[in-house]
Amino acid sequence: MIITLDEKISVGAIFEGGRIKPVWFLYKHMKVIIKQVCYRWKEREGENIIYKFTVTDNKSIYEISYSTMTYQWYLLAIDEGSLQC
Amino acid sequence: MLACLDMDAFFASVEEASNPKLKGKPIAVIGAKERTVVTTCSYAARRLGVKTGMSKFEALKVCPQLTLVVGNNRKYTYVSKEIMQYLTTITPDVEVYSIDEAFINLDSLDFDPESFAYIVKTHIYKKFKITCSIGVGPNKFIAKLASTVFKPDGYCFIKDNEIINFIDSFELKALWGIGSRLAKKLNNMGIFNTADLRAYGKEKLCKVFGKNGEYLYKMACGVYEELANKKKTSVKSIGHSMTLLENNPSVDRCYNYLLQVSEMVSNRARTHKLSGKTICLCVRYANFEGVAKRYTLPFFTSATHHIYDASLDLFNQIATPEKNIRQLGVTLSGLLEKTVMYSNIFDRKNWKSIYKAVDSINKKFGSSAITYASVLNCERRGALTISPAWKPSGIRYINVK
């Protein structure tokens, strides 16, 4: 089931060669290790470019975003449940 | 030679690719959580009887295991833009036909159509984990038909000497410009396929259908003269419509939506330096009946307040609010290019400064960062659907929500 959220989160990410690779994030005091970035895309709201990712810890799918205007990461949605990647 | 690239179940494929849990499952993409229809569905869902245009209740009835996914328009427009941009790195002769279709002129390429298809398909799959079908033929019409033959992930190349046999294998309705009404009319004339159309003859077709008769005859012979059009064509009108969420909306609520839609039209006119004279209002009711009326102003305008005033007058003339209004649309036509008109001689306010201030705020913080307070009463705000005329740039580009 997909749960829609809009929570600020702390993320560990690698910024390299113009690409962002989220590696882990903190959610409910738990460190979620990102095993795979499933999809990435970019959205624009005015001058704010928002990078969006769907990522997985091999258990659930998470949608996270990074705003280049506010330098803030958000957890947008979780699709919980078992997943075999 | 022309190629037609057609993405396979585009929105559903992007959703499957971005959420591995959905891979291979029957999924349908819907517009919103509220009352809505299936925008597109995966091939697994199609095999189980789900069709585009079904209501979500109908879809769940034919396929109870169906997963409904609320569409993310910005994800689709991003993927589409990237794919179309990639095509222009191979050849500049690319016509973006819709969000998931493009025509590519292959004449200037140094490699054969099969290699082109292999390169493009590999790139799209590697980068976006989705598939496309490519049809190649001597013109757009044949290429488009060819792209539908081996879907999904198909490739079909029709050579010149195969055209007649190829088009004869399709129903009349597969031809561009032949809908169910025209097909029925042709059937009544004893024409059931393209071979019958050719046998009927060009002259007789022209007698019945006028100029369109020649077009039909040429298509039945596999002739289509229009080339891939990479040039930006000028637009004849700017329009927006919005489906209301509320049942039996009050007149005041309709006014709020009219203001919002007028502002969307005006905003696009201002952004692309256009002004127009004719305002057309369309009202659609829950029973799918509709009314429309147009009014031509005595001056050109790009301003929301003029468009809104005119559409309000038209609304009061033609709308029957008791009939449960479902959709409102406003169109500005009679366009003049390179002209932005904020006010006329009777306006007392300095509208130009107001619009310029609003536009610069919205440019920085996003569309509708600042808007009319009454628009906040609308449950739906902003462009929520991707129109078939959507393009990745220019006046037909809309930053959908």
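Just so we're clear, the structure is a prediction, and the values are computed from it rather than from any experiment. Think of each chain on its own: its residues are numbered from 1, step by step along the sequence as written. Key to labels: chains lettered from A, ligands numbered from 1, both in the order written. At least 70 in pLDDT is required for a residue's local features to be given in this predicted model, at least 80 for side-chain atom pairs to be given and counted, and no such filter applies to totals for whole chains, interfaces and linings, which use all residues. Excluding hydrogens and water, the side-chain figures rest on all heavy atoms present in the structure.

1. Focus: the interface of chain A and chain B
The interface of chain A with chain B comprises 25 residues on the first partner and 22 residues on the second. Buried area between chain A and chain B, both sides added, is near 1800 Å², and the carbon and sulfur share of it is 52%. When residues of chain A are sorted by the area they lose upon contact with chain B, A:Tyr39, A:Trp41 and A:Glu45 head the list and together hold 35% of the total. The salt bridge criterion pairs a side-chain nitrogen of Lys or Arg with a carboxyl oxygen of Asp or Glu, the two atoms within 4 Å. Counting the contacts that link chain A with chain B gives three salt bridges. A salt bridge links A:Glu43 to B:Arg74; the nearest nitrogen and oxygen atoms lie 4.0 Å apart. Only heavy atoms matter for contacts: two residues are in contact if any of them lie within 4.5 Å across the pair. Once two parts are put together, the accessible area they lose, assessed with a 1.4 Å probe and summed over both, is termed the buried area.

2. Brief notes about the domain arrangement of chain B
In terms of domain boundaries, chain B breaks down into domain 1 (1-93 + 105-136), domain 2 (164-220) and domain 3 (237-377). Each of domain 1 of chain B and domain 3 of chain B has a C-alpha centre, and these two points are 33 Å apart. An automatic or database domain assignment supplies the residue ranges for each domain.

3. Comments concerning the state of the cysteines
Residues and elements named next belong to chain B. Here, the term disulfide refers to a pair of cysteine sulfur atoms separated by no more than 2.5 Å. The final tally for this structure, using the stated rule, is zero disulfides over all chains. A disulfide-free cysteine, Cys4 has its sulfur positioned 10 Å from the sulfur of Cys132, the nearest such atom. By relative accessible area, which is 1% here, Cys4 ends up buried. A disulfide-free cysteine, Cys378 has its sulfur positioned 9.7 Å from the sulfur of Cys254, the nearest such atom. Buried residues are those whose accessible area, probed at 1.4 Å on protein chains only, stays under 20% of the maximum for their type, while exposed residues exceed 50% and partly exposed ones sit between those limits.

4. Examining the side chain of B:His305
Residue and element names in this part refer to chain B. Among the secondary structure elements, His305 is positioned in helix α13 (residues 304-318). Counting of polar contacts relies on pairs of N or O atoms within 3.5 Å, with two restrictions inside protein: one atom must be capable of donating a hydrogen and the other of accepting it, and residues adjacent in sequence are counted only when both atoms are side-chain atoms. Side chain to side chain, His305 and Trp351 meet in a polar contact 3.3 Å long. Discounting residues that sit within four places of it in the chain, His305 has contacts with Tyr342, Asp347, Trp351 and Tyr355. Counting from the N terminus, the helices are DSSP H or I runs at least four residues long and the strands are E runs at least two residues long.

5. Regarding the sheet that holds strand β6 (residues 101-105) of chain B
Residues and elements named next belong to chain B. Strands qualify as paired when DSSP identifies two bridges or more between them. Here five strands make up an open sheet; going across it, the order is β5-β6-β1-β7-β8 and the pairing mixed. Of all strands in the sheet, those bounded by a partner on one side alone are β5 (94-98) and β8 (155-157). Across the sheet, the mean angle separating the axes of adjacent strands is 15° when strand polarity is ignored. For every element, the axis is a line fit to its C-alpha atoms; helices are fit only across the contacting stretch, and the angle between N-to-C directions ranges from 0 to 180 degrees.

6. Topic: helix α12 (residues 251-271) of chain B
All names here are of chain B. Helices are assigned an expected span. That span is 1.5 Å times one less than the residue count. With 21 residues, α12 extends 30 Å between its outermost C-alpha atoms, agreeing within 8% with the 30 Å of an ideal straight helix rising 1.5 Å per residue. Most of α12 is tucked away: 15 of the 21 residues are buried. Just downstream of α12, Lys273 is the residue with a positive phi angle, here 55°.

7. Points about the pattern of salt bridges
Pairing of side chains with opposite charge becomes possible as their charged atoms draw close. All names here are of chain B. Using the criterion set out here, one finds 17 salt bridges over all chains in the structure. Between Arg198 and Asp168 there is a salt bridge, with its nearest N and O atoms 2.7 Å apart. Pair noted here: Arg198 is in helix α9 (residues 194-200) and Asp168 is in helix α7 (residues 163-168), with a separation of 30 residues, a long-range link. The partly exposed category is assigned to Asp168, whose relative accessible area is 26%. Where salt bridges share partners, they join Asp6, Asp8, Glu101, Lys144 and Lys151 into one cluster.

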